[in-house]
Amino acid sequence: AALRERFCEGGDAAFVTSLREAAPWYSGRGGKSGSTFLKTLDDRYLLKQVPRSELWAFHEHAPTYFSFVSKTPTTLPSALVKVLGAIVVEYRAAESGKLVTQYLLVQENLFYGKNVARMCDLKGAHRNRGGEDENETVLDENLFRFNNGYPLLLSEAAKQRLTRALWNDTLFLASINVMDYSLLVGMVQTSSGQGANTTNAAANAITVSDGRGEEWTLVFGVIDYCRQFTWKEEAESRIKRATVIQPKQYKRRFREALHRYFMASIEKYPE
């Protein structure tokens, strides 16, 4: 509740009002989990159905999470998309009368109020999806194909801002034994003449240039950070070494990938 009072416009009361009406939402991310997503009709919040284990893993580390988030973004730069509620819903199915239990995480909508042309879901792994259409979310290797084989160009200041935020977040997530998170990036085309000044007000927005000479505003956030590395993941990692890795290794790979995806441009200084 304290988190919502600080970060939700209108506080806890407005948050509850938003949750009264929601509809199924297809994110286009095509993840393996097959999670069900809902979006509130006012576009402010997303509800993600998660396994029971993920909800209670979040519950276990909630005090540490609250402590970290309370320091952001003023003291600690961060790109975490905030989880604002962890809810257990029980109801009886109308036809069978069977009791159904669902576990939901409610998070802020990173792209609220923004017209996003393309989304990128980046994990630092070599992932690609062949033949995606314009509405599909681009995976890691597809990002380079979308950008003519080049990384996205950031100003030196923007690259430093992004790096500081992701260094803080990945250090925190590794400390609570979490892996398999993603950097979700939304691409909003910048109007001619706007430039970088349009992004200064938003802590999680930066201006980049692509390989075709066009400017975009990137809105970014770290999502899906509730999966812990347990004995199940340990067993899976021994079988699928390339897909399941320990949190410290995941942190290292995620950070290294940042420099592949985003490059600081050589800026011209006045003489």
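The structure we're discussing is the one just above.
Predicted, not measured: the structure shown is a model, and the values here were computed from it.

**A word on the sheet that holds strand E3 (residues 45–49)**
- With antiparallel pairing, the five strands of this open sheet are ordered in space as E1-E2-E3-E5-E4. Either end of the sheet is taken by a strand with one partner, and the two such strands are strand E1 (22–24) and strand E4 (83–92). Strand-to-strand twist across the sheet, computed as the mean angle between neighbouring axes with direction ignored, equals 30°.
- Relative to strand E2 (residues 37–40), E1 runs antiparallel, the two being bridged by three bridges. Looking across to E2, one finds that Pro-24 is bridged to Leu-38.
- Together, E2, E3, E4 and strand E5 (99–108) form the strand contacts of helix H2 (residues 11–19), whose direction differs from that of E3 by roughly 60°.

**Some details on empty space enclosed by the protein**
- Within this structure, the stated rule accounts for three cavities of 30 Å³ or more.
- Reported here for the second largest cavity is a volume of approximately 70 Å³.
- Forming the boundary of the second largest cavity are Ala-57, Phe-58, His-61, Tyr-65, Ile-176, Val-178, Tyr-225, Cys-226 and Gln-228.
- Here the residues of the lining of the second largest cavity are counted per class, giving seven nonpolar, two polar and no charged.

**A few points about the pairing of E2**
- For E2 and E3, the ladder comprises three bridges, and the chain directions are antiparallel. Bridge assignment links Phe-37 to a residue of E3, and that residue is Lys-48.
- From the end of E2 to the start of E3, which pair antiparallel, there are four residues, and Asp-43 there has a positive phi angle of about 75°.

**Notes on the packing of aromatic side chains**
- Per the counting criterion, the structure on display carries ten aromatic pairs.
- Between Phe-68 and Phe-172 the ring centres are 4.4 Å apart and the planes differ by 5°, which places this aromatic pair in the stacked class. Linking Phe-68 in helix H4 (residues 62–69) with Phe-172 in helix H6 (residues 156–175), this pair joins segments that are 104 residues apart in sequence.
- Phe-172 gets classed as buried once you look at its relative accessible area, which sits at 7%.
- Judged by centre distance (6.3 Å) and plane angle (20°), the rings of Tyr-250 and Phe-254 are stacked.

**Some points on H2**
- Along H2, the residues that are buried comprise Gly-11, Phe-15 and Ser-18. The buried residues of H2 occupy an angular sector of 60° when projected down its axis, which confines them to one face.
- On its buried side, H2 packs onto helix H1 (2–7), E2, E3, E4 and E5.

**Observations regarding the packing of helix H3 (residues 52–60) against H4**
- Put simply, H3 and H4 touch, their axes get as near as 5 Å, and they point 60° apart. In this structure, H3 contributes Phe-58, His-59 and Glu-60 to the contact, and H4 contributes Ala-62, Pro-63 and Tyr-65.
- Class assignment for the residues of the contact of H3 with H4 results in four nonpolar, one polar and one charged.

**Considering the pattern of salt bridges**
- Counting across every chain of the model gives seven salt bridges.
- Between Glu-108 and Lys-82 there is a salt bridge, with its nearest N and O atoms 3.8 Å apart. A residue pair is termed long-range when its members are at least 10 positions apart, and Glu-108 in strand E5 and Lys-82 in the loop between H4 and E4 qualify at 26 residues.
- Look at Lys-82 and you get buried, because its relative accessible area is 13%.

**Some words on the pairing of E4**
- Judged from the nine bridges that link them, E4 and E5 form a sheet pairing that is antiparallel. Within the sheet, the bridge partner assigned to Val-88 lies in E5 and is Tyr-103.
- Hairpin remark: E4 followed by E5, antiparallel, with six residues in the connecting loop; positive phi at Gly-97, about 75°.

**Focus on the environment of Leu-258**
- In this structure, Leu-258 sits in helix H8 (residues 247–261).
- In this structure the C-alpha to C-alpha distance between Leu-258 and Gly-124, which are 134 residues apart in sequence, comes to 7.6 Å.
- Contacts of Leu-258, omitting those with residues within four sequence positions, involve Lys-159, Leu-162, Thr-163, Leu-166 and Trp-167.

Calculation rules
- Residues numbered from 1 in each chain as written.
- Predicted model: local features only at pLDDT ≥ 70, side-chain atom pairs only at ≥ 80, totals over all residues.
- Heavy atoms only, no water.
- Pairing = 2+ DSSP bridges.
- Helix = DSSP H or I, 4+ residues; strand = E, 2+ residues; numbered from the N terminus.
- Axes fitted to C-alpha atoms, helices over the stretch in contact; angles between N-to-C directions.
- Contact = heavy atoms within 4.5 Å.
- 1 Å grid on protein atoms, 1.4 Å probe; cavity = no way out; pocket = protein on both sides within 12 Å on 5 of 7 lines; lining within 4 Å.
- Points joined across faces, edges and corners; volume = space filled by probe spheres on them.
- Nonpolar A, V, L, I, M, F, W, Y, C, P; charged D, E, K, R; others polar.
- Phe/Tyr/Trp six-rings, centres within 6.5 Å; stacked < 30°, edge-to-face > 60°.
- Buried < 20%, exposed > 50% of the residue type's maximum accessible area, 1.4 Å probe, protein only.
- Arc of directions from axis to C-beta.
- Salt bridge = Lys/Arg side-chain N within 4 Å of Asp/Glu carboxyl O.

The analysis is restricted to geometry; functional conclusions fall outside its scope.
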